[in-house]
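Understanding the architecture of this molecule
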Amino acid sequence: MSLMVDECESSESSTVVDRSEGFGERLLGSLIDRAHRMPPHMIAPLIEQEIAIIGGRDVEVLLQDYDQMTLVPLPGERLLKGGPQSIDESTAGRAFKTDVTIEEAQADGVRIFVPLLDGTDRVGVLVFTLDAVDDNDRRLTRRLAGLVADILITKSMYTDRFFQARRRQPMSLSAEMQWQLLPPLMMSTPQVAIAGALEPAYDVAGDSFDYALNDDVLHLAMIDAMGHGLSAAVMATLAMGAYRHARRLDVGLDGLYVAMDEAIAGQFGADRFVTAQMARLDVRSGLLQWVNAGHPTPLLLRDPHLVAELTSPTTLPVGFGGATPVVSERSLERGDRVLFFTDGVIEEDRTSGGASGETRLRNLVEQISTNQDPVQETVRLLSKALMLERGGVTSDDATLLLLEWRGGTADSLAPIYKAVSPTD
């Protein structure tokens, strides 16, 4: 039987692997072993039991609300029954925004706020109290929180309770359809990061976005279906389904347009349409390519100023049978960000004293980008600021998608291994 050891270790020496079960393995293994068959409603007490094993108490699981402004408690047996907490004005919110564990000294111990991350997508925050904290506790709680986040996402596929917990107001049918379409709101790798936001979160209808990282190419799309309500949601669902179907057939950007165009025209006729923008980024070289079908022009940001509008030839919206779209190109520099947005972001502005929506967007983008926050926090703050500019309401969907090319490599995350016989 061969063993896997790091390449940098000498193959001439014997390799002895300790396969005994340590405390940390027992802790995480217990959670994994029981979670496989655990019904969703029993995940809450299971989490509390795991925290109790390391001496923790007063456990809270806080999940992100759909509007990305509030953390709401997951109800469940043996969990602390607290109230909603503002992401911008609470300790839990600070852990959520920064992806960093926060410790607060209290009279009875230390209150710990651990980000719940599904990969790099933010799920919420795990909160509990320990009598004291050392580096072993920090390591275990970080790994435990990662496993809890994965379990919550997996179990949410089998129940409505986690979705219901995240909702602070009723959601329209059109919004329900759109949220089911979306990928995770954020993805981050050493090469690229991407994050999106939709408003109004509980009533969005025709706006949607999608992305996929296939080997060294990031694919992305943003669409805005004509109209409002359920009819717009149905069109958006079909357009995004056609986009994904064609993308998975490895067609080019012009082919994606054709696939979406034929699907919308075939189902809705010549009087209905969807504006769209499709792009692909080579995450090794930074080459961005895109096509535009009646969509607003993306903005290019660099350190942290707006340096260009990515103007390009445009064809008719999908559904109108326009000409084959022209593929435009731009070579990005490391750290460059590109903001894609729908027309609802710039068409409605109630508080800027006459400034155009385009001008206000540019000003807000530069102002918020000076904080040099990660892409998801930048998008969240920008979406919030734009909503305030619209007086807290909107008559149209307003969607943002922010891309950052980092130009790094993931090689260090997957070291090369080789097989070595224990007798070598």
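The notes below deal with the structure included here. Note that the coordinates shown come from a computational prediction; the quantities given were computed from them, not determined experimentally.

Parameters and conventions
- Residues numbered from 1 in each chain as written.
- Predicted model: local features only at pLDDT ≥ 70, side-chain atom pairs only at ≥ 80, totals over all residues.
- Heavy atoms only, no water.
- Salt bridge = Lys/Arg side-chain N within 4 Å of Asp/Glu carboxyl O.
- Helix = DSSP H or I, 4+ residues; strand = E, 2+ residues; numbered from the N terminus.
- Buried < 20%, exposed > 50% of the residue type's maximum accessible area, 1.4 Å probe, protein only.
- Expected span 1.5 Å × (residues − 1).
- Contact = heavy atoms within 4.5 Å.
- Polar contact = N/O pair within 3.5 Å; in protein donor to acceptor, adjacent residues only side chain to side chain.
- Axes fitted to C-alpha atoms, helices over the stretch in contact; angles between N-to-C directions.
- Left-handed = near helix turned anticlockwise from the far one by under 90°.
- Nonpolar A, V, L, I, M, F, W, Y, C, P; charged D, E, K, R; others polar.
- 1 Å grid on protein atoms, 1.4 Å probe; cavity = no way out; pocket = protein on both sides within 12 Å on 5 of 7 lines; lining within 4 Å.
- Points joined across faces, edges and corners; volume = space filled by probe spheres on them.

A separate point is the pattern of salt bridges. One pass over the structure, following the stated rule, counts 23 salt bridges. We note a salt bridge from Arg 122 to Glu 377, for which the minimum N-O separation is 3.4 Å. With Arg 122 in strand β7 (residues 121-130) and Glu 377 in helix α11 (residues 375-389), this pair connects stretches of sequence that are 255 residues apart. This pair shows no difference in class: Arg 122 is buried, exactly as Glu 377 is. With its nearest N and O atoms 2.8 Å apart, the salt bridge here joins Asp 210 to Arg 247. Here Arg 247 lies in helix α7 (residues 229-247) and Asp 210 lies in strand β10 (residues 207-214), a separation of 37 residues in the sequence. The exposure class of Arg 247 is buried, given its relative accessible area of 6%. If you follow the salt bridges from partner to partner, you end up with Asp 88, Lys 97, Asp 99, Arg 122, Glu 377, Arg 380 and Lys 384 in one network.

With 21 residues, helix α4 (residues 135-155) should reach 30 Å at 1.5 Å per residue; the first-to-last C-alpha distance of 30 Å fits that figure. Buried residues in α4 make contact with α1 (23-35), α2 (43-53), β2 (57-64), β6 (109-118), β7 and α5 (161-166). Two or three places before Asn 136, at the opening of α4, Asp 134 has a side-chain oxygen 3.0 Å from that residue's backbone nitrogen.

Let's shift gears to the packing of α7 against helix α8 (residues 253-268). α8 packs onto α7 with a crossing angle of 145° between their chain directions and a minimal axis gap of 8 Å. Here the hand of the crossing between α7 and α8 comes out right-handed. Taken together, the residues of α8 that come into contact with α7 (itself represented by Val 234, Met 235, Leu 238, Ala 239, Ala 242, Tyr 243, Ala 246 and Arg 247) are Leu 256, Ala 259, Met 260, Ala 263, Ile 264, Gln 267 and Phe 268. Here the contact of α7 with α8 is composed, by residue class, of 13 nonpolar, 1 polar and 1 charged.

So, about empty space enclosed by the protein. Summed over the entire model, instances satisfying the criterion amount to 4 cavities of 30 Å³ or more. Put simply, the largest cavity is a space of about 60 Å³. Lining the largest cavity are Leu 301, Arg 337, Leu 339, Val 365, Ile 368, Ser 369, Thr 378, Leu 382 and Leu 402. Counting residues per element, the ones that place at least two in the lining of the largest cavity are β17 (337-341), α10 (357-369) and α11. When residues in the lining of the largest cavity are grouped by element, the largest group, 3 residues, is from α10. Each residue belonging to the lining of the largest cavity can be placed in one class, and the counts come to 6 nonpolar, 2 polar and 1 charged.

Reported here for the largest pocket is a volume of approximately 650 Å³. In this structure, the largest pocket is lined by 20 residues; those nearest its centre are Asp 121, Ile 153, Ser 156, Phe 163 and Arg 166. Elements supplying a minimum of two residues to the lining of the largest pocket: β2, β7, α4, α5 and α6 (173-181). For the lining of the largest pocket, the residue count by class is 13 nonpolar, 3 polar and 4 charged.

So, about unusual backbone geometry. Glu 199 connects to Pro 200 through a cis peptide bond whose omega is -10°. Relative to the elements of secondary structure, Pro 200 occurs in the loop between β9 (192-199) and β10. Following Asp 303, the chain continues into Pro 304 via a peptide bond in cis, with omega recorded as -25°. Residue placement: Pro 304 occurs in the loop between β14 (299-302) and β15 (305-309). In the Ramachandran plot, Asp 58 falls in the positive-phi region, its phi being about 50° despite a non-glycine side chain.

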